[in-house]
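Residue-level structure breakdown
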Amino acid sequence: MGNRSELTGIKYFFVHACVECVCFYLLRVHYPLMLSGAIALIYDFFAFLPQGLIGDFIIRHKKLPYETIGNLLMLISILPIASSVKLLHIFGYVLLAVGNAILHECGAIATVADSEGHIFPPALFVAGGSFGLVIGQTLGVCQASPLILILPLILSELLSVSAKASLRKESYPHFECIPKNISPAWILLIAFIVTTVRSFIGYAIPISWNKELWQSFFLFFIMGTGKALGGFMADRIGARKTAAIGTLAAVPFLLFGDRVMVVSCIGVFFFSMTMSITFAMCLSVLKRNPGMAFGITTAALFLGLLPVFFVRFGFEVNAVLIVVFSLVSYVLLRISLAEAKLRDG
Amino acid sequence: MENYMLLDMGLGGLVMVAGGLAVIAFLLTGICLLAKSIGVIRRELKNEEAGADPGNDSDHDGKSV
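Residues numbered from 1 in each chain as written. Chains lettered and ligands numbered in written order. Predicted model: local features only at pLDDT ≥ 70, side-chain atom pairs only at ≥ 80, totals over all residues. Heavy atoms only, no water.

1. Regarding helix 6 (residues 120-141) of chain A
Residues and elements named next belong to chain A. Rules: Helical segments are the DSSP runs of H or I of at least four residues, strand segments are the runs of E of at least two, and each set is numbered from the N terminus. Given a helix with a known number of residues, its expected span is that number minus one, times 1.5 Å. Exposure is judged per residue with a 1.4 Å probe applied to protein chains only, and the accessible area is read against the type maximum: over 50% gives exposed, under 20% gives buried, and values in between give partly exposed.
Its 22 residues place the ends of helix 6 32 Å apart at the C-alpha level, agreeing with the 32 Å of an ideal helix rising 1.5 Å per residue. The element helix 6 is largely enclosed, with a buried count of 19 among its 22 residues. Residue Q143 follows helix 6 closely and has a positive phi angle near 60°.

In structure tokens form, the structure reads like this:
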């Protein structure tokens, strides 16, 4: 893997962290409860669902300054969100979500373009979100001054613009982690289903140990590290073996870690490793459109978290769901991923 | 519900209708996004099958994950 691919991954790691810091600050400053209400649903709807179409547009119309547009939308959204008129908040959150979506797609496309066929740079980009989320969330709940948002917005703009050539490349490296005897449409459907169920599982993981602020920080740190390392391991030992660790090995730790932080965090770490696998599957099919490939995973993420807005289950039901969905994910990934080929660093 | 005051003002029904329309608009937007995305995916799959852009094939770094 060349220095450029890692550098783009690192840049967009920080861009993603800054973006999520801004977004979750603005989400929590008015509405501190997790997943409460129509606001969160509206935000997630506009942040996750249109990404594929936005990415497709970016790939077909390369000349527009998408990085600046995304950051500007996030900046502009602060005004309606800060207003005392609650209806304007909704408008502001829609602007924020669209800005977020644009920058996500910039990150996905740029890191894939420079990746040389490795999934680690995109995984590194995605990992940044976990760190930014917990920082922004904490600042918002603590009602920190909104002036603090200037720093992540400037940093996001500088770093994303510095990688603008990567976003505008004419061709992309090929990913080939899928077997040739399965229809591409089935591969996309499997990747979509696996991402959806794992998005849902993410909210079913029992973490009653999580009571202190530092524990939340540690949890999200572990999550981000797992996502990055999943991409690293997929490049080294293959997507299939990484998927087995991420699906099966995680289960006992997730189930028995409800009151034990270390056990739970090991489970979350393993669980997070699978994130890059499904993205690599989509990239293996949609070789010329990494934007839509990423958009499939984000749409699946939204669908997976949608039920959580309407229904919550008890510990026993969640435990059964974690086991069943993990097994289903493992089986689906096992049949849809090719055997690994050893590769050089 | 918090719209008791609105009900007293005779606006409760209006809020319900507006809320219902918002939900319908939401659902329709979601369906449109989904349909458009499926259209793009189908286009891309057809392009992949047809090998529509031979210029890309000579540029890629074929690697396996």
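2. Let's talk about the side chain of T298(A)
Residue and element names in this part refer to chain A. Just so we agree on the cut-off: In what follows, residue pairs with any heavy atoms lying within 4.5 Å of each other are defined as contacts.
For T298, the location among the structural elements is in helix 14 (residues 290-305). Of the residues examined, T298 reaches a relative accessible area of 3% and is grouped as buried. Beyond its immediate sequence surroundings of up to four residues, T298 is in contact with F48 and Q51.

3. Quick look at the environment of E44(B)
With respect to the element layout, E44(B) can be found in helix 2 (residues 12-50). Residue class for E44(B) comes out buried when judged on its relative accessible area of 7%. When the C-alpha atoms of E44(B) and I31(B) are compared, they prove to be 20 Å apart, with 13 residues separating the residues in sequence. In contact with E44(B), other than residues within four places in its own chain, are D56(A), L286(A), R288(A) and N289(A).

4. Section: the packing of aromatic side chains
All names here are of chain A. Rule in force here: Working definition: a ring pair exists when centres of Phe, Tyr or Trp rings (six-membered ring for Trp) sit within 6.5 Å. Plane angles under 30 degrees give stacked, over 60 give edge-to-face, the rest tilted.
Tallied over the full model, the rule gives 16 aromatic pairs over all chains. With 5.9 Å between their ring centres and 45° between their planes, F125 and F294 make a pair best called tilted. Here F294 lies in helix 14 and F125 lies in helix 6, a separation of 169 residues in the sequence. No difference in accessibility class separates F125 from F294, as the two residues are buried.

5. Here we look at unusual backbone geometry
Glycine aside, residues mostly have negative phi, and peptide bonds are mostly found in the trans state. All names here are of chain A. Here the phi dihedral of E116 falls at roughly 55°; this positive angle occurs in a residue that is not glycine. For E116, the position within the fold is in the loop between helix 5 (86-113) and helix 6. For Q143, which is not a glycine, the phi torsion comes out positive at approximately 60°.

6. Observations regarding a nonpolar patch on the surface
Inclusion rule: Each patch is built from residues that are more than 30% exposed by relative accessible area and take part in no salt bridge. Like charges join if they lie within 9 Å; nonpolar side chains (Val, Leu, Ile, Met, Phe, Trp, Tyr) join within 5 Å. All accessible areas in this document rest on Shrake-Rupley with a 1.4 Å probe, and a residue is counted as covered only by the protein chains that are shown. Counted as salt bridges are all cases of a side-chain nitrogen of Lys or Arg within 4 Å of a carboxyl oxygen of Asp or Glu.
Together, V17(B), L21(B), I24(B), L28(B) and I31(B) make up an exposed nonpolar region whose accessible area comes to about 490 Å². In this fold, V17(B) is placed in helix 2.

7. Here's the deal with the packing of helix 9 (residues 184-204) of chain A against helix 15 (residues 315-336) of chain A
Residue and element names in this part refer to chain A. We count it as follows: Only the contacting stretch of a helix is used when fitting its axis, a line to C-alpha atoms as for every element, and angles between N-to-C directions run 0 to 180 degrees. These descriptions rest on fixed angle ranges, namely under 35 degrees for roughly parallel, over 145 for roughly antiparallel, 65 to 115 for roughly perpendicular, and the rest for oblique. Handedness of each helix crossing follows the sense of rotation of the near helix against the far helix: counterclockwise by less than a right angle gives left-handed, clockwise gives right-handed.
Axis separation between helix 9 and helix 15 bottoms out at 10 Å; the angle between their running directions is 155°. Judged by the angle between their axes, helix 9 and helix 15 are roughly antiparallel. Note that helix 9 runs across helix 15; the crossing there is left-handed. Packed against helix 9, whose contacting residues are I187, I190, I193, V194, V197, R198, F200, I201 and A204, the element helix 15 presents N318, L321, I322, F325, S326, S329, L332, L333 and S336 at the interface.

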